[in-house]
Amino acid sequence: MTHERPTVSVVAPVYNEEQLLEEFCQRVAAALEPLGEPFEIVLVNDGSRDRSPELMRAIHARDPRVKAVSFSKNFGHQLAITAGTDYAQGQAVVVIDSDLQDPPEVIPELVAKWREGYEVVYAVRAEREGETWFKTFTAALFYRLIVKITSVNIPVDTGDFRLMDRKVVDTLARMREHHRFMRGLSVWVGFKQAGVPYRRHARKAGDTKYPLRKMLKFALDGITSFSYLPLQLATYMGFITATLSLIFLIAVVGMRLFYVGDPVDSAFYGQASTLAMVLFIGAVQLVSIGIIGEYVGRIYDEVKGRPLYIVADALGFEDAGRPYSLRERQ
Ligand code: UDP
Ligand code: MG
């Protein structure tokens, strides 16, 4: 089999998307064929429990431009994207969801911007259809918060739908942190970046694979990857409490010296206030320990140095399926 190096790779994570896979591949191919450049579609099966893996095999047999990486279990969306970009061989790599929320028809626009010389072209959700108000609201809040508290300027309202030049993909391939927030990392690396607005559609079929629990973990990964602010909050709270206690102490001593009633009684107004303060300080301390815990847990995951993902099989790749972006190349 001869291998022609594709110009464009399209990477899509797949987790129980049997209803949409065929249509997804067809629409991507239909969008890319008019460009007249060789392309590949890299599907990453993130431990699906439905018929997605069989479908991927069948589509690959019919059309070898569609390649398939299968994980040994579910590793999560961000790691599926990572594997896809590791395996992709294109000069430009496009990451897109396989649920057709991101229309493949936008890809040629991203490619056009890349041809103008931009190295990261992210798609900006100008409109979102078919999301619950809760998701839209929390997402809007989150992206604005993360811009405020981090040093990377993550563009507001972007997802993982973006095109990256080979240089960017190779750079990301050398960054093996475990709790990956890809949309942040691809901005953090720098290079020439541009945005293209698009309309994000409703999911075509199936349900979201991001329940609230996963969304929260994702948000925490994003914040802890790029900000120390939560840790510094404990310091700030400490300073504020210290200042307030000092003022209080001076007041109590003053009252004692100048005999303005009984300082303990008049300052505390009974037991309940003492109890409230003790509980409040206890709560603040527990929250602070929890925040430290979030960071320590992530440090622990890095120190263990386990692989980011485990590939059960890879279909359609040359060189015994060794990820292209991780190879030594000249
Ligand atoms: N996905 C994945 N692994 C997961 C969860 C999701 O590979 O553990 C894929 C999923 O198949 C889809 C993309 O990631 O292509 C985005 O997930 P989803 O559409 O469920 O998230 P939402 O768009 O609702 O935020
Ligand atoms: Mg989706």
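Remember, it's a predicted structure, so these values are computed and weren't measured experimentally. Counting restarts for each chain: residues are numbered from 1 in the order of the written sequence. Just so you know, chain letters begin at A and ligand numbers begin at 1, following the order they were written in. At least 70 in pLDDT is required for a residue's local features to be given in this predicted model, at least 80 for side-chain atom pairs to be given and counted, and no such filter applies to totals for whole chains, interfaces and linings, which use all residues. Hydrogens are left out, water is left out, and the side-chain values use all remaining heavy atoms of the structure.

## Comments concerning the overall build of the protein chain
What counts, and what does not: Numbered from the N terminus, helices here are DSSP runs of H or I no shorter than four residues, and strands are runs of E no shorter than two. This radius of gyration counts C-alpha atoms alone. The globule rule is 2.2 Å times how many residues there are, raised to the power 0.38. Remark: exposure states derive from per-residue accessible area (1.4 Å probe, protein chains only) relative to the maximum for the residue type, with buried under 20%, exposed over 50%, and partly exposed in between. Note on definitions: a residue-residue contact is assigned when non-hydrogen atoms from the two residues lie within 4.5 Å. In these tables, accessible area is a Shrake-Rupley quantity obtained with a 1.4 Å probe, and a residue counts as shielded only by the protein chains included in the view. Only four residue types enter the tally: Lys and Arg on the positive side, Asp and Glu on the negative side; His and the chain ends are excluded. Charge placement uses NZ in Lys and CZ in Arg. For Asp and Glu, CG and CD serve respectively.
Looking only at helices and strands, one finds 11 helices and eight strands in the protein chain. Over its C-alpha atoms the protein chain spans a radius of gyration of 26 Å, topping by over 25% the 20 Å that the globule rule assigns to 330 residues. Viewed in the frame of its principal axes, the protein chain has a C-alpha envelope of about 95 × 40 × 40 Å. Looking at the protein chain as a whole, 45% of its 330 residues are labelled buried. Considering only contacts within the protein chain whose residues lie at least 6 apart along the sequence, 82% involve residues at least 24 apart. With an accessible surface of roughly 17,300 Å², the protein chain has 63% of that area assigned to carbon and sulfur atoms. Of the side chains in the protein chain, 39 bear a positive and 39 a negative charge, and the two mean positions are spaced by 2 Å.

## Observations regarding the pairing of strand β6 (residues 158-165)
Worth spelling out the cut-off: DSSP-based pairing: two strands are paired if at least 2 bridges between them are found.
Of all eight residues in β6, eight are buried; the element is thus mostly enclosed. Alignment of strand β4 (residues 92-95) against β6, held across four bridges, turns out to be antiparallel. Bridge pairing in β6 links Val 93 to Met 164. Inspection of the sheet shows strand β5 (residues 120-128) paired to β6 by four bridges, in the antiparallel sense.

## Some remarks on the sheet that holds strand β1 (residues 8-14)
Counted only if it meets this: Simply put, an axis is a line fit to the C-alpha atoms, just over the touching stretch for a helix, and the angle between two N-to-C directions goes from 0 to 180 degrees.
If you walk across this open sheet you meet the eight strands as β7-β5-β6-β4-β1-β2-β3-β8, and the pairing is mixed. The sheet terminates laterally at β7 (193-200) and β8 (311-315), the two strands that pair on one side only. Looking at each pair of strands side by side, their axes are set apart by 20 degrees on average, direction ignored. Here strand β2 (residues 39-45) pairs with strand β3 (residues 66-71) via five bridges, running parallel. Across the sheet, Asn 45 pairs through a bridge with Ser 70, a residue of β3. With respect to the sheet, helix α4 (residues 107-115) is in contact with β1, β4, β5, β6 and β7, its orientation differing from that of β6 by roughly 45 degrees.

## Some words on a nonpolar patch on the surface
Here is the rule we go by: Residues forming no salt bridge and having over 30% relative accessible area are the ones grouped into patches, like charges within 9 Å of each other and nonpolar side chains (Val, Leu, Ile, Met, Phe, Trp, Tyr) within 5 Å. Any Lys or Arg side-chain nitrogen located within 4 Å of an Asp or Glu carboxyl oxygen qualifies as a salt bridge.
Together, Trp 133, Phe 134, Phe 137, Leu 141, Leu 212 and Leu 216 line one region of the surface with nonpolar side chains, adding up to about 700 Å² of accessible area. Only α5 (133-149) and α8 (212-226) provide two or more residues apiece to the nonpolar patch. It is α5 that contributes the most residues to the nonpolar patch, four residues altogether. When you line up the elements, Leu 141 lands in helix α5.

## Focus: the site of ligand 1
As a reminder, the rule being used: Any residue with a non-hydrogen atom lying within 4 Å of a molecule or strand is treated as near it. Between N or O atoms, a polar contact is any pair within 3.5 Å; within protein, one atom must be a potential hydrogen donor and the other a potential acceptor, and residues adjacent in sequence are included only when both atoms are from side chains. Residue classes follow a fixed rule: Ala, Val, Leu, Ile, Met, Phe, Trp, Tyr, Cys and Pro count as nonpolar, while Asp, Glu, Lys and Arg count as charged, and any other residue, Gly among them, counts as polar.
Close to ligand 1 lie 19 residues, the nearest being Asp 46, Asp 99, Gln 101, Thr 208 and Lys 209. A distance of 3.0 Å separates an oxygen atom of ligand 1 from a polar atom in the side chain of Ser 98. Out of a free accessible area of 530 Å², ligand 1 has 96% covered by protein chains. A per-class count over the shell around ligand 1 returns four nonpolar, six polar and nine charged.

## Re the coordination of the magnesium ion (ligand 2)
For a metal with four tetrahedral donors the ideal donor-metal-donor angle is 109.5 degrees, while six octahedral donors give ideal angles of 90 or 180 degrees. Quick note on the threshold: Coordinating donors are taken as N, O and S atoms within 2.8 Å of the metal, stretched to 3.2 Å for Na, K and Ca; because water is absent from the atoms, sites can appear incomplete.
Around the magnesium ion (ligand 2), the protein contributes the donor atoms Asp 99 (OD) and Gln 101 (OE1), which lie 1.9 Å from the metal centre. For the pair shown, Asp 99 and Gln 101 are each scored as buried.

## With respect to the confidence of the model for the protein chain
The condition that has to hold: Residue-level confidence of the predictor is summarised by pLDDT, bounded by 0 at the bottom and 100 at the top.
Residues at a pLDDT of 70 or more form 95% of the protein chain, whose mean pLDDT is 88. Confidence, expressed as mean pLDDT per element, reaches its minimum in the protein chain at helix α10 (residues 263-268) with 61 and its maximum at β4 with 97.

## Considering the nonpolar core
Most often, soluble globular proteins keep nonpolar side chains buried together rather than apart. Spelled out, the test is: What is meant by a nonpolar core is a set of buried Ala, Val, Leu, Ile, Met, Phe, Trp, Tyr and Cys residues, joined one to another through side-chain atoms within 4.5 Å.
Among the nonpolar cores identified, the biggest contains 38 residues, and Val 42, Phe 71 and Leu 172 are the most heavily contacted of them. For this core, the element with the most residues is helix α3 (residues 77-87), which contributes five residues. When residues no more than four places from it in sequence are discounted, the contact partners of Phe 71 are Val 44, Asn 45, Asp 46, Gly 47, Leu 79, Ala 80, Ala 83, Tyr 309, Ile 310, Val 311 and Ala 312.

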